[in-house]
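Below are the chains, spelled out letter by letter.
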Amino acid sequence: MTPQATPDQPRSTAPTAANAPPCTETTAQGAPAKDGADGAAPAGRRGRPSLEEAQRIPERILEAGWEVLHDHGFDAFTFDRVARHARIGKATIYARFPGKREFLEALLAHKATQRQVTILAVGRGMPIIEAFCKRAIVVIETLVSSEGIMMERLVDWCDQEFGDHTINYRRAMFADALAKIEAELRSAAAQDGLDLGDFGRVAQFWMEGLLGHARLIAADRAYDHAKTERWAKSYSEFFFSRLGA
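Everything numeric here is computed off the predicted structure, so don't read it as measured data. (Residues numbered from 1 in each chain as written. Predicted model: local features only at pLDDT ≥ 70, side-chain atom pairs only at ≥ 80, totals over all residues. Heavy atoms only, no water.)

A look at the packing of helix 8 (residues 199-217) against helix 9 (residues 225-241)
The geometry of helix 8 relative to helix 9 is characterised by a closest axis approach of 12 Å and an angle of 155° between their N-to-C directions. Put simply, helix 8 runs roughly antiparallel to helix 9. For the crossing formed where helix 8 meets helix 9, the hand is right-handed. Only Thr228, Trp231, Tyr235, Ser236, Phe239 and Phe240 of helix 9 make contact with helix 8, whose side of the interface consists of Val202, Phe205, Trp206, Gly209, Leu210, His213 and Ile217. (Axes fitted to C-alpha atoms, helices over the stretch in contact; angles between N-to-C directions. Helix = DSSP H or I, 4+ residues; strand = E, 2+ residues; numbered from the N terminus. Parallel < 35°, antiparallel > 145°, perpendicular 65-115°, else oblique. Left-handed = near helix turned anticlockwise from the far one by under 90°. Contact = heavy atoms within 4.5 Å.)

Listed below in structure tokens is the structure:
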């Protein structure tokens with residue numbers, strides 16, 4: 001459930017929610033170029049990693065790459081910087097990610113999965129309106145957060161640098177998000193004994209509402225959590241009441 005906001009939005013003060021708030025009104029390919037020191041400690045030599053450490057190395061490298069993008073931007077992204085942030089040898093990075101394209105594609109998938117896991121954990125087992133209300137709050141806060149804006153830039157970068165008439169990263173992310181929302185709608189409707197009709201269309205309408213609201217509030221000077229709670233409550237109740245929920 002990962003709809004996207006526009007990449008040119010200003011930074012927001014909204015937090016990225018890890019847990020649902022109460023749903024009430026009160027409440028580059030090839031070898032990279034060398035670059036200078038950027039404050040990160042150089043990678044040091046040590047013994048062979050344990051099996052558990054070795055299994056975590058790809059995630060460790062990707063998280064270091066995310067930090068590099070956040071601190072230095074896309075144009076200054078190099079594997080030298082990633083290696084220093086991860087405190088790991090550059091050869092270890094190349095052994096897992098042959099070039100910039102493979103790395104950024106993996107980073108995009110990694111961050112999208114993290115986002116989905118966080119959102120889908122919200123409201124699990126609750127009645128459909130309450131569950132989707134809580135998720136709407138988390139989605140909006142995620143989209144307008146600094147991490148959400150970075151994610152938008154990463155999607156745009158991949159589409160501009162690597163996309164073509166057969167590959168479109170944003171379209172693929174939307175399709176994946178719609179599939180996840182549809183599956184959650186089917187599960188929640190079955191739990192509540194509801195027939196929502198065309199689940200694919202319902203999922204699309206739901207996601208479009210979240211995207212539209214995220215775009216509207218992106219220009220606000222400061223994020224208002226209470227306002228988002230009120231909107232999510234009204235939107236969820238209105239949306240599902242029209243479906244007979």
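Focus on helix 4 (residues 100-120)
At 3.6 residues per turn, the α-helix brings residues three or four places apart onto the same side. Between its first and last C-alpha atoms helix 4 spans 30 Å; for 21 residues at 1.5 Å apiece the expected length is 30 Å, and the two agree. The complete set of buried residues in helix 4 reads Lys100, Phe103, Leu104, Leu107, Leu108, His110, Lys111, Ala112, Arg115, Gln116, Ile119 and Leu120. (Expected span 1.5 Å × (residues − 1). Buried < 20%, exposed > 50% of the residue type's maximum accessible area, 1.4 Å probe, protein only.)

Here we look at the packing of aromatic side chains
By the definition in use, this model includes 14 aromatic pairs. Taken together, a centroid distance of 6.2 Å and an interplanar angle of 80° make the contact between Phe77 and Phe79 edge-to-face. Each of the two residues, Phe77 as well as Phe79, counts as buried. Aromatic side chains Phe77 and Phe103 sit 5.4 Å apart centroid to centroid with 45° between the ring planes, which places their arrangement in the tilted category. Within this pair, whereas Phe77 is found in the loop between helix 1 (51-72) and helix 2 (79-86), its partner Phe103 is found in helix 4, the two being separated by 26 residues in sequence. According to the relative accessible area criterion, Phe77 is buried, its value standing at 5%. An aromatic cluster is defined as three or more aromatic residues linked by ring pairs; in this entry it consists of Phe132, Trp206, Trp231, Tyr235, Phe239 and Phe240. Over the face of the ring belonging to Phe132 we find Arg135, whose NZ or CZ atom lies 5.3 Å from the ring centre. (Phe/Tyr/Trp six-rings, centres within 6.5 Å; stacked < 30°, edge-to-face > 60°. Lys NZ or Arg CZ within 6 Å of the ring centre and 35° of its normal.)

A short note on the packing of helix 6 (residues 146-162) against helix 7 (residues 169-192)
Following both chains from N to C, one finds helix 6 and helix 7 inclined at 130°, their axes separated by 8 Å at the closest point. By the angle between their axes, helix 6 is oblique relative to helix 7. Judged by residue contacts, Met151, Glu152, Val155, Asp156, Cys158, Asp159 and Phe162 of helix 6 engage Tyr169, Arg170 and Met173 from helix 7. Tallied by class, the residues present in the contact of helix 6 with helix 7 amount to six nonpolar, no polar and four charged. (Nonpolar A, V, L, I, M, F, W, Y, C, P; charged D, E, K, R; others polar.)

Any functional reading would require information that these geometric values do not contain.
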